[in-house]
Amino acid sequence: MEEHSDRLDVQVSVGDQMVLVRVAGEVDIATVAAFRSALWSAPARPVLQLELSGLRLLSAAGVRTLLAAHLRVRACGGELVLVDPSPVVARVLRVSGLHRVMPILELASPTEAARRPVVATTDLQLAA
């Protein structure tokens, strides 16, 4: 499932327990209907994740849509999780207070992840 315009790109991936919605571009008064349509047409799963790293703009209309989606998912017993918002979007989430309403996962940047040590563990069972 995919919504695409010059200013907004929404891609939906469906798993057994989760729906992942990747949003890129701008959510404003001109694109919010497509954004809302993608969220409302996502199949019901326990978790709806919105990956927001590619989102450059989130207007008040987008904030209202996120809150409505949160309430709708919660009413069905699920959880809406915002993942890796861009700095501009993270600021809008803080200013609007949405960061207090729904969980936000901020993933480490690729450079930070590359600098972290990798710990390899092995589980060997030896016959006695």
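Look a little higher up for the structure.
Residues numbered from 1 in each chain as written. Predicted model: local features only at pLDDT ≥ 70, side-chain atom pairs only at ≥ 80, totals over all residues. Heavy atoms only, no water.

Draft legend 1. View of the nonpolar core. V21, V23 and L50 are the most contacted members of the largest nonpolar core, which has 28 residues in total. If sequence neighbours within four positions are ignored, L50 has contacts with V21, F35, L39, L66, L80, V81, L82 and V83. (Core = buried A, V, L, I, M, F, W, Y, C linked by side-chain atoms within 4.5 Å. Buried < 20%, exposed > 50% of the residue type's maximum accessible area, 1.4 Å probe, protein only. Contact = heavy atoms within 4.5 Å.)

Draft legend 2. Fine view of the side chain of T31. Following the sequence through the fold, T31 ends up in the loop between β3 (18-27) and α1 (32-41). At 3.0 Å, the side chain of T31 forms a polar contact with the backbone nitrogen of D28. (Helix = DSSP H or I, 4+ residues; strand = E, 2+ residues; numbered from the N terminus. Polar contact = N/O pair within 3.5 Å; in protein donor to acceptor, adjacent residues only side chain to side chain.)

Draft legend 3. Spotlight on the pairing of β3. Pairing between strand β2 (residues 8-14) and β3: 7 bridges, direction antiparallel. Bridge pairing in β3 links Q11 to R22. Linking β2 to β3, which pair antiparallel, is a turn of 3 residues. In the classification by handedness, the crossover that spans β3, the intervening α1 and the parallel strand β4 (residues 47-58) is right-handed. (Pairing = 2+ DSSP bridges. Right-handed = clockwise from strand over helix to strand, strands pointing away.)

Draft legend 4. Region of the structure containing the pairing of β4. Of the pairings in the sheet, the one linking β3 to β4 comprises 9 bridges and is parallel in character. Pairing of M18 across the sheet is with V47, part of β4. As for the winding sense of the linkage, the β-α-β connection from β4 through helix α2 (residues 60-75) to strand β5 (residues 79-83) is right-handed.

Draft legend 5. Representation of helix α3 (residues 87-96) within the structure. Listed as buried for α3 are V89, A90 and L93. Viewed end-on, α3 has its buried residues packed into an arc of 105°, placing them on one side of the element. Across from the buried face of α3, at angles greater than 90 degrees, the exposed residues are P87, R91 and V95. Once α3 ends, the next one or two residues include G97, with phi positive near 90°. (Arc of directions from axis to C-beta.)

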